Amino acid sequence: MGNKIYSDFYLSKKHQILHCEKPTSAYLQYKFFRINLLTGDRESYSAKNFLDSLEKFKLSSFYKNPYVFHFFYEFGHICLEQEDLLSENKPLGLFIDYSSGHLEQISSLPQDNNFNFEPIEHLKFSHYKKKFKKVRDHLLSGDCYQLNLTMPFYFKFKELIGPREFMQRLWADPSKVGAYAHGTYVEALDQLFFSNSPECLFQINQNKIQTMPIKGTIEIEEGDDRQEKWDELKNSTKDESELFMITDLMRNDLTKIELIPAKVIRKKAPLHVPGLIHQYSVIENKLSKNADLKKLLKAIFPGGSITGAPKKRVMQLINDIEGFERGLYCGSTILFYKGLKSGSINIRSTKIDFTQNEIKYGAGGGVTLLSKASDEYKEALGKLKSFLLLFQD
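Read on for an overview of the structure. (Residues numbered from 1 in each chain as written. Predicted model: local features only at pLDDT ≥ 70, side-chain atom pairs only at ≥ 80, totals over all residues. Heavy atoms only, no water.)

Considerations on the overall build of the protein chain
Next, step 1: Scanning the protein chain for helices and strands turns up nine helices and 20 strands.
Next, step 2: The C-alpha atoms of the protein chain give 20 Å as radius of gyration, which agrees with the globular expectation for 393 residues (21 Å, within 12%).
Next, step 3: By principal-axis analysis of the C-alpha atoms, the protein chain measures approximately 55 × 50 × 40 Å.
Next, step 4: Across the 393 residues of the protein chain, 57% fall into the buried class.
Next, step 5: Accessible surface, the protein chain as shown: approximately 17100 Å² in total, 48% of it carbon and sulfur. (Helix = DSSP H or I, 4+ residues; strand = E, 2+ residues; numbered from the N terminus. Rg over C-alpha atoms; globule rule 2.2 N^0.38 Å. Buried < 20%, exposed > 50% of the residue type's maximum accessible area, 1.4 Å probe, protein only. Areas by Shrake-Rupley, 256 points an atom, 1.4 Å probe, with all protein chains shown as cover.)

Observations concerning helix H6 (residues 237-256)
Next, step 1: Look at H6: 29 Å from first C-alpha to last across 20 residues, which is about the 28 Å you get at 1.5 Å a residue.
Next, step 2: Taken as a whole, H6 has its buried residues at Lys-238, Asp-239, Glu-242, Leu-243, Ile-246, Thr-247, Leu-249, Met-250, Asp-253, Leu-254 and Thr-255. (Expected span 1.5 Å × (residues − 1).)

A few points about the packing of aromatic side chains
Next, step 1: Counting across every chain of the model gives 33 aromatic pairs.
Next, step 2: Look at Phe-157 and Phe-354: their rings are 6.0 Å apart centre to centre, the planes differ by 75°, and that puts the pair in the edge-to-face class. Of the two residues, Phe-157 is situated in strand E8 (residues 146-157) and Phe-354 in the loop between strand E19 (349-353) and strand E20 (358-367); the sequence distance between them amounts to 197 residues. Comparing Phe-157 with Phe-354, the two get one shared label, buried.
Next, step 3: A connected cluster of aromatic rings, assembled from ring pairs, spans Tyr-6, Phe-117, Phe-155, Phe-157, Phe-166, Tyr-185, Phe-194, Phe-354, Tyr-361 and Phe-387. (Phe/Tyr/Trp six-rings, centres within 6.5 Å; stacked < 30°, edge-to-face > 60°.)

Details of the packing of helix H3 (residues 125-140) against helix H9 (residues 373-388)
Next, step 1: One way to put it is that H3 packs onto H9 with a least axis distance of 10 Å and a crossing angle of 120°. It follows from the interaxial angle that H3 and H9 lie oblique. In this structure, H3 crosses over H9, and the sense of that crossing is right-handed. Contacts between H3 and H9 involve Phe-125, Tyr-128, Lys-129 and Phe-132 from the former and Ala-373, Ser-374, Glu-376 and Tyr-377 from the latter.
Next, step 2: Among the residues forming the contact of H3 with H9, the class breakdown is five nonpolar, one polar and two charged. (Axes fitted to C-alpha atoms, helices over the stretch in contact; angles between N-to-C directions. Parallel < 35°, antiparallel > 145°, perpendicular 65-115°, else oblique. Left-handed = near helix turned anticlockwise from the far one by under 90°. Contact = heavy atoms within 4.5 Å. Nonpolar A, V, L, I, M, F, W, Y, C, P; charged D, E, K, R; others polar.)

Things to note about the pattern of salt bridges
Next, step 1: Evaluated as defined, the whole model comprises 21 salt bridges.
Next, step 2: For the salt bridge of Arg-164 with Asp-8, the shortest nitrogen-to-oxygen distance reads 2.8 Å. Taken as a pair, Arg-164 in helix H4 (residues 163-171) and Asp-8 in strand E1 (residues 5-11) lie far apart in primary sequence, 156 residues in all.
Next, step 3: Note that Lys-238 and Asp-239 form a salt bridge whose closest N and O atoms lie 4.0 Å from each other. Across the pair, Asp-239 and Lys-238 agree in class, each one buried.
Next, step 4: Three or more residues are tied together by salt bridges with common partners; here these are Lys-238, Asp-239, Glu-242 and Glu-376. (Salt bridge = Lys/Arg side-chain N within 4 Å of Asp/Glu carboxyl O.)

So, unusual backbone geometry
Next, step 1: Backbone torsion omega between Phe-301 and Pro-302 reads -5°, so that peptide bond is classified as cis.
Next, step 2: Its location among the elements puts Pro-302 in the loop between helix H7 (293-300) and strand E16 (308-309).
Next, step 3: With an omega of -10°, the peptide bond between Ala-309 and Pro-310 qualifies as cis.
Next, step 4: By the secondary structure assignment, Pro-310 is in the loop between E16 and helix H8 (311-321).

Quick word on the side chain of Ser-7
Next, step 1: Of note, Ser-7 is situated in strand E1.
Next, step 2: You can call Ser-7 buried: its relative accessible area is 0%.
Next, step 3: A distance of 2.7 Å separates a polar atom in the side chain of Ser-7 from a polar atom in the side chain of Tyr-98.
Next, step 4: In this structure the side chain of Ser-7 is engaged in a polar contact, spanning 2.6 Å, whose partner is the side chain of Thr-184. (Polar contact = N/O pair within 3.5 Å; in protein donor to acceptor, adjacent residues only side chain to side chain.)

Okay, structure coming up:
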């Protein structure tokens, strides 16, 4: 089996790529075992064992070599002690220790480099509406206050496109790239885990940690007045309630890390991405030198913006209602390298399978009692459109 593995992370301030290569260890983790991606060996090692091992990653430490963690959404059931919801044969994450990391300049794209994708499957509105009704019934019953309902989209690509070409397309236009854009290619799987995420699960600077949940979205067309659109979004009672619910959830989650009260330092602000305006908040807390990655994950993973509230209950409901594996989408990718210690929430994210020439992409949004099925479905399609703009000149 091939053992070529590399990860690239976009550094927006420099418009450069951090290229991580030459892994010394790489594992694909399952519920009760893991696959060594460098040798192909299957090893008995549970996801709970792996979570416990993360205590050694102190949030205050300096890391000479890059560590990359792709925690798939389903790993959240391990963090929240819901192992009974997990099947044994579904991957929960990808974890890589690299020996090398260096900066690279971004190459320019050749002309006529549009990618043509053929849609092959997605959830029709009639089926989405049935799932939406189940969510609404739970809301009316008081089982939850907000639930992030998502759906998968599948595409085929006909022409021969390699992982480097996909990655090159991701960074080409600074106006289209997300603040947490990244990708990891694993030759043994012949898969690219690819994200143009604008959303922050956490970022650490010295002894402070911040999280920046996104909640509330409005589409923007060419020629629209951006200020008018932002005014429309920020004055929406429905979108504001979504944001404030999740802000309060994340404030509480951030407090759990070390039982130090977290503070909201920004209640509502606009975030512009291609074709959309989001709103987000900023929550901050202090960290001691003893804080570690296990504590962090058990407190805040998965991010509240892609689950809902209360988190543990809605994750049970999502498992019953959605009926598909989210995987990389709605999980988090964490990078520890030198002074960089941050994690994304993987919206605008996809898994590309080169054995099938297939792309799996997820999109959705938060449902509250003020939501309408047609509006939520349209919002998901708008998020899909925003992602596909990457591949169009």
